[in-house]
Amino acid sequence: MFIVVSLIAVFVMISIYLYFRAEGLQSDLTLAKRESKQIKKDNSTLLDAMVISANKNEEFAKFRLQEMKNNMDEKLTEELKEELEFITLLTANYGIIYKECLKGNVQLKTITKNCLDNYASGTFNSFALFMGNQDSALKKMWLSNNLQGFISLVEALLLQLNKKIKA
């Protein structure tokens with residue numbers, strides 16, 4: 001009889017322990033769900049801010065490029081025309097490339113190849129040759145293969161084109 005009461009007491013104690021342990025885990029789970037929801041909300045807000053930033057950067061780049069086009073002489077060298085075409089294509093696809101690079105799984109070269117080859121077949125290969133003829137700083141930006149490199153590359157190409165036009 002004493003053994004039966006002892007076994008019942010042990011089962012009751014284990015049941016009480018498991019009940020309180022489950023309650024603790026349930027409160028931890030509720031807290032984790034609440035934190036997860038807040039993180040998703042913060043992530044969404046951050047993503048929206050990044051999209052707004054991408055759109056503004058695109059607008060600024062397009063505006064600066066348009067100003068340069070308006071101030072150009074009629075006598076453009078073939079090299080300047082090629083550079084202008086590539087910068088125009090990059091700024092036209094700025095938002096797409098920016099957003100794809102934000103996702104992290106797509107590299108800059110991959111999305112740039114898709115965008116440039118959608119314009120005309122072989123354009124990406126011409127662009128790669130063009131980048132191969134640039135100075136080492138521009139090559140580093142291109143070879144970084146990420147969002148920061150893309151933003152820097154577009155800015156540097158715009159500055160370089162502006163200097164060539166004014167010269």
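Residues numbered from 1 in each chain as written. Predicted model: local features only at pLDDT ≥ 70, side-chain atom pairs only at ≥ 80, totals over all residues. Heavy atoms only, no water.

All right, on to the environment of Ala 137 then. Within the element layout of this structure, Ala 137 appears in helix H6 (residues 136-143). For Ala 137, a relative accessible area of 39% corresponds to the partly exposed category. It is 10.0 Å that separates the C-alpha atoms of Ala 137 and Ser 152, two residues lying 15 residues apart in sequence. (Helix = DSSP H or I, 4+ residues; strand = E, 2+ residues; numbered from the N terminus. Buried < 20%, exposed > 50% of the residue type's maximum accessible area, 1.4 Å probe, protein only.)

Moving on, we get to a nonpolar patch on the surface. A surface patch of nonpolar side chains, amounting to about 750 Å² of accessible area, comprises Ile 3, Leu 7, Val 10, Phe 11, Ile 14, Tyr 17 and Leu 18. As for its placement among the helices and strands, Tyr 17 is situated in helix H1 (residues 2-70). (Patch = residues over 30% accessible without salt bridge, like charges linked within 9 Å, V, L, I, M, F, W, Y side chains within 5 Å. Areas by Shrake-Rupley, 256 points an atom, 1.4 Å probe, with all protein chains shown as cover. Salt bridge = Lys/Arg side-chain N within 4 Å of Asp/Glu carboxyl O.)

This part is about the pattern of salt bridges. Considering all chains together, one arrives at six salt bridges under this definition. Here Lys 164 and Glu 79 are joined by a salt bridge, their closest N and O atoms 3.3 Å apart. Within this pair, whereas Lys 164 is found in helix H7 (residues 147-166), its partner Glu 79 is found in helix H2 (residues 78-92), the two being separated by 85 residues in sequence. Taken together, the salt bridges that share partners define one network made up of Glu 79, Glu 83 and Lys 164.

Here the focus is the nonpolar core. Residues Ile 97, Phe 127 and Leu 161 are the most contacted members of the largest nonpolar core, which totals 34 residues. At the level of secondary structure, the elements contributing two or more residues to this core comprise H1, H2, helix H3 (94-103), helix H4 (108-119), helix H5 (123-132), H6 and H7. Examining the composition of this core, we find that nine residues originate from one element, H7, more than from any other. If sequence neighbours within four positions are ignored, Phe 127 has contacts with Phe 86, Leu 90, Leu 116, Trp 142 and Leu 153. (Core = buried A, V, L, I, M, F, W, Y, C linked by side-chain atoms within 4.5 Å. Contact = heavy atoms within 4.5 Å.)

A few words on the packing of H2 against H5. Two elements in contact, H2 and H5, have axes separated by 11 Å at closest approach and are oriented at 115°. Taken as a pair, H2 and H5 cross one another with a handedness that is left-handed. Only Thr 123, Ser 126, Phe 127 and Phe 130 of H5 make contact with H2, whose side of the interface consists of Glu 82, Glu 83, Phe 86, Leu 89 and Leu 90. (Axes fitted to C-alpha atoms, helices over the stretch in contact; angles between N-to-C directions. Left-handed = near helix turned anticlockwise from the far one by under 90°.)

In this section: the packing of aromatic side chains. Under the definition given, this model contains eight aromatic pairs. Measuring from centroid to centroid gives 5.2 Å for Phe 86 and Phe 130, while their planes differ by 40°, and the two rings are tilted. Here Phe 130 lies in helix H5 and Phe 86 lies in helix H2, a separation of 44 residues in the sequence. This pair shows no difference in class: Phe 86 is buried, exactly as Phe 130 is. Look at Phe 127 and Trp 142: their rings are 5.1 Å apart centre to centre, the planes differ by 85°, and that puts the pair in the edge-to-face class. One end of the pair, Phe 127, is in helix H5; the other, Trp 142, is in helix H6, with 15 residues separating them in the sequence. Note on Phe 127: relative accessible area 0%, which makes it buried. We classify Trp 142 as buried; its relative accessible area is 7%. (Phe/Tyr/Trp six-rings, centres within 6.5 Å; stacked < 30°, edge-to-face > 60°.)

All we've got here are geometric facts, nothing functional implied.
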